[in-house]
Amino acid sequence: MHHIFALVLPRLLLMALCCTLGNAYGASNSTKMTFNRPMDTAQARFVIDLMSHAYAQLGYELEIIDFDHPLALAAADKGELDGQLGRIANIESRYENLLRVDFPLFKFELFMLTRCHYCNLQELSRVAIRNGYPVTEQYLHSNNFTGQIIKLESVAAQLNLLAQNQVDAVVLLDFHLQRRFQYRAEQPFARHHLQDYYSYHYVHKRHKDKIPKLLAVLQGLEASGVVAQLRKKHGL
């Protein structure tokens, strides 16, 4: 009997240790909210900073991972990510599993650069846009653009095609064109304001219960001046 107990006891201890470690691992995972790393801009750094503060107050750690940006929205909709750090309103009409936290993070401008000074969208045949940012394509479709849309991976590629006369225009989000390069990039072309938008935080529907709490925390951070401090810190 003592011999059997001596054989079984180590196995029981090992099983107990595995269960303990497994529970600890699961608990640590459950306290993380995982999002893809956005393009490095002042706006993105502000949002990461702000949402880190917000999630910390709810007991969660903001985890930022490298992820192919054009695929990030679809991945978030499938639940492979916990949501999107910042996107324009109404992406939920296309990605029904993503829910908006109704707190505007920042305002941005959608604008167009062309070689012609007095032309409108409907007169153009080929327009280059950044891949992975639905706001641009939504704007073109909603304004009945019937020409060719060319999706590129960088602003530099867009501007090169415009300079080489391979497209009639490029459509840009203002924060994608870094301020120190803005004048030099725009200078040969005509700039046309298209529309202003606000960016919002989105979570997957499995985190629906967190939305009222996140909204309350963000409103509290705004009322206490933290949001304004973070805007100033990141030059917004």
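Residues numbered from 1 in each chain as written. Predicted model: local features only at pLDDT ≥ 70, side-chain atom pairs only at ≥ 80, totals over all residues. Heavy atoms only, no water.

A.B. asks: Could you give an account of the overall build of the protein chain, naming the residues involved and the relevant values?
C.D. replies: A count of helices and strands for the protein chain gives 8 helices and 8 strands. For the protein chain, with 236 residues in total, the buried portion stands at 43%. Summarising the internal contacts of the protein chain: among those between residues at least 6 apart in sequence, 74% fall at separations of at least 24. Of the roughly 13200 Å² of accessible surface on the protein chain, a fraction of 54% belongs to carbon and sulfur atoms. (Helix = DSSP H or I, 4+ residues; strand = E, 2+ residues; numbered from the N terminus. Buried < 20%, exposed > 50% of the residue type's maximum accessible area, 1.4 Å probe, protein only. Contact = heavy atoms within 4.5 Å. Areas by Shrake-Rupley, 256 points an atom, 1.4 Å probe, with all protein chains shown as cover.)

A.B. asks: Go over the pattern of salt bridges, please, and point to the residues and values.
C.D. replies: A complete count under the given rule lists 10 salt bridges for this structure. Salt-bridge contacts for Arg191 lead to Glu109; the nearest nitrogen and oxygen are separated by 2.4 Å. Linking Arg191 in strand E8 (residues 190-204) with Glu109 in strand E4 (residues 98-114), this pair joins segments that are 82 residues apart in sequence. Note on Glu109: relative accessible area 14%, which makes it buried. For Glu137, the salt bridge goes to Lys151, with nearest N and O atoms at 3.1 Å. Of this pair, Glu137 sits in helix H4 (residues 134-142) while Lys151 sits in strand E6 (residues 148-152), and the two are 14 residues apart along the sequence. (Salt bridge = Lys/Arg side-chain N within 4 Å of Asp/Glu carboxyl O.)

A.B. asks: Residues and numbers for the environment of Leu194, please.
C.D. replies: Tracing the sequence through the fold places Leu194 in strand E8. Spatially, the C-alpha atoms of Leu194 and Leu172 are 9.7 Å apart, while their sequence positions differ by 22 residues. In this view, Leu194 contacts Leu110, Phe111, Met112, Tyr139 and Val171; residues no more than four positions away in its chain are not counted.

A.B. asks: Run through the nonpolar core, naming residues and quoting values.
C.D. replies: Ranked by size, the top nonpolar core spans 54 residues in total, and within it Leu50, Met51, Tyr55, Leu124, Val127, Leu140 and Val171 carry the most contacts. Here the element with the most residues in this core is E4; it accounts for 8 residues. In this structure, Leu140 is in contact with Leu121, Val127, Ile129, Phe145, Ile149 and Val171, ignoring residues within four places of it in sequence. Residues Ile150, Leu159, Leu162 and Leu177 belong to the second largest nonpolar core, which totals 14 residues. (Core = buried A, V, L, I, M, F, W, Y, C linked by side-chain atoms within 4.5 Å.)

A.B. asks: Can you break down the packing of helix H2 (residues 42-57) against helix H7 (residues 211-223) residue by residue, with the values?
C.D. replies: Where H2 meets H7, the axes come as close as 9 Å, and the angle between the chain directions of the two elements is 120°. The orientation of H2 relative to H7 falls into the category oblique. Two packed elements cross with a definite hand, and for H2 against H7 that hand is right-handed. Side by side, H2 and H7 meet where Leu50, Met51, His53, Ala54, Tyr55 and Gln57 of the first sit next to Leu214, Val217, Leu218 and Leu221 of the second. Each residue belonging to the contact of H2 with H7 can be placed in one class, and the counts come to 8 nonpolar, 2 polar and no charged. (Axes fitted to C-alpha atoms, helices over the stretch in contact; angles between N-to-C directions. Parallel < 35°, antiparallel > 145°, perpendicular 65-115°, else oblique. Left-handed = near helix turned anticlockwise from the far one by under 90°. Nonpolar A, V, L, I, M, F, W, Y, C, P; charged D, E, K, R; others polar.)

A.B. asks: Describe in detail unusual backbone geometry, supporting the description with residues and values.
C.D. replies: Notably, Asn144 is not glycine yet its phi reads approximately 60°, a positive angle. Topologically, Asn144 is positioned in the loop between H4 and E6. The class for Asn144 is exposed, based on a relative accessible area of 59%. In this structure, Asn165 takes a positive phi of about 65° despite not being glycine. Position of Asn165 relative to the elements: it lies in the loop between helix H5 (155-163) and strand E7 (169-173).

A.B. asks: Lay out the packing of H2 against helix H8 (residues 226-233) with the relevant residues and their values.
C.D. replies: At a closest axis distance of 9 Å, the pairing of H2 and H8 adopts a crossing angle of 150°. Relative to H8, the element H2 is oriented roughly antiparallel. Note that H2 runs across H8; the crossing there is right-handed. Within the contact between the two elements, H2 uses Phe46, Asp49, Leu50 and His53 and H8 uses Val226, Val227, Leu230, Arg231 and Lys233. Partitioned by chemical class, the residues of the contact of H2 with H8 number 5 nonpolar, 1 polar and 3 charged.

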